[in-house]
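Each chain, written out:
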Amino acid sequence: MIALGSDHGGFDIKQVVIEHLKERGIEYKDFGTYDKNSCDYPIFGKAAAEAVANGECEKGIVICTTGIGISIVANKVKGIRCALCSEPHSARLTREHNDANVLAMGGALIGPDMAIDIVDTFLDTEFSGLEKHVRRIGEISDIEK
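Residues numbered from 1 in each chain as written. Predicted model: local features only at pLDDT ≥ 70, side-chain atom pairs only at ≥ 80, totals over all residues. Heavy atoms only, no water.

Trainee: Would you explain the nonpolar core in this entry?
Mentor: Across soluble globular proteins, nonpolar side chains show a tendency to be buried alongside one another. Counting 20 residues, the largest nonpolar core has V17, I61, L103, M105 and V119 as its most contacted members. Going through the elements one at a time, β1 (2–6), α1 (11–24), β3 (59–64), β5 (102–106) and α5 (112–124) are the ones with two or more residues in this core. At five residues, α5 tops the list of elements feeding residues into this core. The residues touching I61, leaving out its near neighbours within four places in the chain, are I2, A3, L4, G5, V17, V102, L103, M105 and V119. (Core = buried A, V, L, I, M, F, W, Y, C linked by side-chain atoms within 4.5 Å. Buried < 20%, exposed > 50% of the residue type's maximum accessible area, 1.4 Å probe, protein only. Helix = DSSP H or I, 4+ residues; strand = E, 2+ residues; numbered from the N terminus. Contact = heavy atoms within 4.5 Å.)

Structure representation (structure tokens):
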């Protein structure tokens, strides 16, 4: 189950992601927004991130105009490692090295095809499990205590 959240600036790309997840047969839960009326990204970024943190969803995808604001919000939720990615290489590395559980994207910065490539890479890449990466993620978790 994938948690989705966006503001009005990420709405169009979120709709592309939803259609792609449906095509792949991947379940998702949309935490809003549900139209392009101006709204506040913290509401939707927090809801999606909390669904991942509490185990309701396995991973999350959050989208605002730049991806910056909504990624900051998601990273405020304990247990979330959200990475802002604008190309697949970063999406692969953040899964392999950081075991990121939330992907952020900028709706005004990437097109639909790139968004799909980033999402597929993020969802299909496993954490490497290498000791150095496990250690570093532990150090990040220690900061949250």
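Past the structure itself, the notes keep going.
Trainee: Explanation requested: the environment of E23 in the structure shown.
Mentor: In this fold, E23 is placed in helix α1. Separated by 17 residues in the primary sequence, E23 and D40 place their C-alpha atoms 29 Å from one another.

Trainee: Can you help me understand the sheet that holds β5 in this one?
Mentor: Across a sheet, paired strands are connected by hydrogen bonds in the backbone, their directions being either parallel or antiparallel. A sheet is described by the order of its strands in space; here five strands give the open sequence β2-β1-β3-β5-β4, paired in parallel fashion. Each end of this open sheet is capped by a strand with a single partner; those strands are β2 (28–30) and β4 (82–84). Shown here is a sheet whose adjacent strand axes are inclined to one another by a mean of 20°, direction ignored. Across five bridges, the pairing between β3 and β5 is parallel. Each bridged residue has a counterpart across the sheet, and for I61 the counterpart in β5 is L103. (Pairing = 2+ DSSP bridges. Axes fitted to C-alpha atoms, helices over the stretch in contact; angles between N-to-C directions.)

Take it as geometry only, folks, not as evidence of what the structure does.
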